[in-house]
Amino acid sequence: MDSFWAVPEWAPANESHFLGSLSPVTKIAYGAGAVTYSTFDIDSTDVLRLDFVPESVTAGGKTLHRRQDLSQDGYTFDESTRVLRIRHVSSRDIDVQGTSDRMPPSYVTFDDPHLAAGTELVGPYPSV
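All figures in this text were calculated on a predicted structure; none of them were measured in a lab.

A. Here's a closer look at the confidence of the model for the chain. The predicted model of the chain has a mean per-residue pLDDT of 84, with 77% of residues at 70 or higher. By mean pLDDT, the top-scoring element of the chain is strand E5 (residues 54-59) (97), and the lowest-scoring one is helix H1 (residues 2-6) (64).

Right, here's the structure in full:
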């Protein structure tokens, strides 16, 4: 996985992927034209490859601005590779929004080390 962070263009171009961070990621959710995640540390730099163009990037609800470099809060986005680099120093909670008609794949995990053995599955089985 470290190679994707070093060379994000190696990640699949037709899906959104979180590739790396200076801080451990504590949660992440993918949607059509959206990636929302949280890092353990408030101050971090993160790398994603998106299947959409970001229209807004926020940290804790505060708008981050597109920059030439990441010497301060903000983000850079390469249109040709769709690589997004974010620097946030004021919040752990990041929200990237854009427009896409591609839904991320759904996964059902039956061997989840975060759930105790014997935990009952909750919710409907996905139809797709």
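B. Representation of the side chain of Ser23 in the model. Within the fold, Ser23 resides in the loop between strand E1 (17-21) and strand E2 (25-31). Within the structure, the side chain of Ser23 is placed 3.2 Å from the backbone nitrogen of Phe40, a separation counted as a polar contact. A polar contact is formed between the side chain of Ser23 and the backbone nitrogen of Asp41, at a distance of 2.8 Å. The contact partners of Ser23, leaving out residues within four places of it in the chain, are Thr39, Phe40, Asp41 and Ser44.

C. Highlighting the sheet that holds E2. Strand order in the open sheet formed by five strands is E2-E3-E9-E5-E6, with antiparallel pairing between adjacent strands. The open sheet terminates on both sides in strands that have one partner only, identified here as E2 and strand E6 (62-63). Inspection of the sheet shows E2 paired to strand E3 (residues 34-39) by six bridges, in the antiparallel sense. Within E3, the position partnered with Gly31 by the bridge is Ala34.

D. Examining the packing of aromatic side chains more closely. Counted under the stated rule, the structure contains one aromatic pair. Between Phe18 and Tyr37 the ring centres are 4.8 Å apart and the planes differ by 70°, which places this aromatic pair in the edge-to-face class. Linking Phe18 in strand E1 with Tyr37 in strand E3, this pair joins segments that are 19 residues apart in sequence. For Tyr37, a relative accessible area of 1% corresponds to the buried category.

E. A look at the nonpolar core. In this structure, Tyr37, Leu48, Leu50, Tyr75, Leu84, Ile86 and Val96 are the most contacted members of the largest nonpolar core, which totals 15 residues. For this core, the secondary structure elements donating two or more residues are E3, E5, strand E7 (74-78), strand E8 (83-88) and strand E9 (93-98). Beyond its immediate chain neighbours, meaning those up to four positions away, Tyr37 contacts Phe18, Val25, Lys27, Ile28, Asp46, Leu48, Ile86, Arg92, Asp93 and Ile94.

F. Looking closely at the environment of Glu55. If you trace the backbone, Glu55 turns up in strand E5. The sequence separation of Glu55 and Thr99 amounts to 44 residues, and the corresponding C-alpha distance is 7.7 Å. Setting aside its immediate chain neighbours within four residues, Glu55 contacts Gln97, Gly98 and Thr99.

How each quantity is defined
Residues numbered from 1 in each chain as written. Predicted model: local features only at pLDDT ≥ 70, side-chain atom pairs only at ≥ 80, totals over all residues. Heavy atoms only, no water. pLDDT = per-residue confidence, 0-100. Helix = DSSP H or I, 4+ residues; strand = E, 2+ residues; numbered from the N terminus. Polar contact = N/O pair within 3.5 Å; in protein donor to acceptor, adjacent residues only side chain to side chain. Contact = heavy atoms within 4.5 Å. Pairing = 2+ DSSP bridges. Phe/Tyr/Trp six-rings, centres within 6.5 Å; stacked < 30°, edge-to-face > 60°. Buried < 20%, exposed > 50% of the residue type's maximum accessible area, 1.4 Å probe, protein only. Core = buried A, V, L, I, M, F, W, Y, C linked by side-chain atoms within 4.5 Å.

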